[in-house]
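# A closer look at the structure
The residues making up each chain are set out below.
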Amino acid sequence: MKPKVTLSAAMTLDGKIATKTGSSEISGPEDLLRVHKLRKDMDAIMVGINTVLADDPRLSVHKISSKPDDNPIRVVVDSQARTPLNYRILNSEAPTIIAVSTQAPVKRVRMLEAEDTVEVIICGDKQVDLESLMEKLGEKGIKTLMLEGGSTLNYSMFQAGLVSEVKLCIAPMIAGGSQAKTLADGDGVDYMKDAFRLKFKKSYTLGEDLIVEYDVL
Ligand SMILES: NC(=O)c1ccc[n+]([C@@H]2O[C@H](COP(=O)([O-])OP(=O)(O)OC[C@H]3O[C@@H](n4cnc5c(N)ncnc54)[C@H](OP(=O)(O)O)[C@@H]3O)[C@@H](O)[C@H]2O)c1
């Protein structure tokens, strides 16, 4: 069975998850703790390769007290196996699955597989086939997965109908910029009638931020 996917992101009031230069420090301190508690409850956390390259994230539970086995499995969606070997996503804090397509250079795949913490999954002929990736993660016993961006992967996951719920931190900031990434970019739908629909679940303030939660219909 495919994992239940929770999209988690922090965005400005104008829907940006990063500025045009890629700067993405949006959450207040209280929200960072909320996100790390959420991570602790998940079997896996998934990001796109551009997020790895832009932010060099650890994707571990480290802002709250935790044990090593509280760390979810990390998943990188990386068709061409571009994940740099010296990035923190491959550190020893947790296992990392790199999902690549059949287009990934064999040499890069071998280099990644040689890392102690890494497993490479091949799915998809051009880009990573997300539906098939979710099936494979499900077969590995992953029941819950937190999708942590970025915009391109978020859109593809919506498009494939793979997102169950959305938990957002909305910070009282306006970043602007037509080149700045929003919550979901990708191709976008042509008409509002085709927009993905959500149902409001709950909202509350946390420090200066607003937390909103929705189910995807
Ligand atoms: N504020 C927040 O909560 C937050 C969270 C995360 C990220 N961010 C920001 O988001 C920005 C990165 O977002 P992004 O949109 O550029 O990149 P992204 O979504 O992180 O990664 C997109 C890349 O994933 C790969 N991919 C492989 N298969 C895919 C598929 N089926 N569908 C979609 N993507 C697939 C593609 O590269 P290949 O074809 O080479 O594989 C694609 O270009 C960064 O600036 C980061 O700071 C903000």
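Residues numbered from 1 in each chain as written. Predicted model: local features only at pLDDT ≥ 70, side-chain atom pairs only at ≥ 80, totals over all residues. Heavy atoms only, no water.

### Brief notes about the pairing of strand S6 (residues 144-147)
Each regular strand displays side chains that alternate between the two surfaces of the sheet. Across four bridges, the pairing between strand S1 (residues 4-12) and S6 is parallel. In the sheet register, Lys4 faces S6, and the bridge partner there is Thr144. With three bridges connecting them, strand S2 (residues 44-48) and S6 associate as parallel partners. Bridge pairing in S6 places Ile45 opposite Met146. (Pairing = 2+ DSSP bridges. Helix = DSSP H or I, 4+ residues; strand = E, 2+ residues; numbered from the N terminus.)

### Examining the site of the ligand
Residues in close proximity to the ligand total 28 residues, the closest being Thr51, Ser79, Arg82, Thr152 and Ser156. In the environment of the ligand, a nitrogen atom lies 2.7 Å from a nitrogen or oxygen atom belonging to the side chain of Ser156. Notes on the ligand: free accessible area 930 Å², of which the protein chains cover 88%. Of all the secondary-structure elements, those providing two or more residues to the shell around the ligand are S1, helix H2 (49-55) and helix H5 (151-159). In terms of residues, the shell around the ligand owes the most to one element, H2, which gives five residues. (Near = heavy atom within 4 Å. Polar contact = N/O pair within 3.5 Å; in protein donor to acceptor, adjacent residues only side chain to side chain. Areas by Shrake-Rupley, 256 points an atom, 1.4 Å probe, with all protein chains shown as cover.)

### Things to note about the environment of Ser203
Within the element layout of this structure, Ser203 appears in strand S8 (residues 198-206). The class for Ser203 is partly exposed, based on a relative accessible area of 40%. As for Ser203 and Glu213, which are separated by ten residues in sequence, their C-alpha atoms are 6.2 Å apart. Ignoring any residue separated from it by four or fewer positions in sequence, one finds Ser203 in contact with Leu210, Ile211 and Val212. (Buried < 20%, exposed > 50% of the residue type's maximum accessible area, 1.4 Å probe, protein only. Contact = heavy atoms within 4.5 Å.)

### Observations regarding unusual backbone geometry
Going from Gly149 to Gly150, the amide bond is cis rather than trans, its omega being -5°. Secondary-structure assignment places Gly150 in the loop between S6 and H5. Unlike most non-glycine residues, Asp56 shows phi in positive territory, near 45°. Structurally, Asp56 is set in the loop between H2 and strand S3 (73-77). The backbone of Leu59 sits at a positive phi, close to 55°, despite the residue not being glycine.

### Things to note about the pairing of strand S5 (residues 118-122)
Where strand S4 (residues 96-100) lies against S5, five bridges are found, and the strand directions are parallel. Note on S5: the bridge partner recorded for Thr96 is Val118. On the question of chirality, the crossover connecting S4 to the parallel S5 by way of helix H3 (residues 106-113) is right-handed. (Right-handed = clockwise from strand over helix to strand, strands pointing away.)

### Some remarks on the sheet that holds S8
Reading across the sheet, the nine strands line up as S5-S4-S3-S2-S6-S1-S7-S9-S8 and stay open at both edges, with mixed pairing between neighbours. Pairing within the sheet leaves two strands with one partner each, and these edge strands are S5 and S8. Across this sheet, the average inter-strand angle for adjacent strands is 20°, counted without regard to direction. Docked against the sheet, helix H1 (residues 29-40) engages S1, S2, S6, strand S7 (165-171), S8 and strand S9 (209-216), running at close to 165° with respect to S7. Contacts from H5 reach S1, S2, S3, S6, S7 and S9 within the one sheet, and its direction differs from that of S2 by about 115°. (Axes fitted to C-alpha atoms, helices over the stretch in contact; angles between N-to-C directions.)

### Some details on the nonpolar core
One finds Leu7, Met46, Leu133, Met134, Leu137, Leu147 and Met157 to be the most contacted residues of the largest nonpolar core, which totals 31 residues. Counting only elements with at least two residues in this core, the list comes to S1, S2, S3, S4, helix H4 (130-139), S6, H5 and S7. Those residues in contact with Met134 that sit more than four places away from it in its chain are Lys2, Pro3, Val5, Met46, Leu145, Met157 and Leu162. Grouped together as the second largest cluster of nonpolar side chains are 16 residues, Leu59, Val76, Ala81 and Leu90 included. (Core = buried A, V, L, I, M, F, W, Y, C linked by side-chain atoms within 4.5 Å.)

### So, the packing of aromatic side chains
What the rule picks out here adds up to three aromatic pairs. Measuring from ring centre to ring centre gives 5.8 Å for Phe200 and Tyr214, while their planes differ by 80°; the resulting arrangement is edge-to-face. With a gap of 14 residues between them, Phe200 in strand S8 and Tyr214 in strand S9 connect regions that are remote in the sequence. Residue Phe200 is classed as partly exposed on the basis of its relative accessible area, which comes to 47%. Using a relative accessible area of 26% as the deciding quantity, one classes Tyr214 as partly exposed. (Phe/Tyr/Trp six-rings, centres within 6.5 Å; stacked < 30°, edge-to-face > 60°.)

Treat this as a map of the structure, not an account of what it does.
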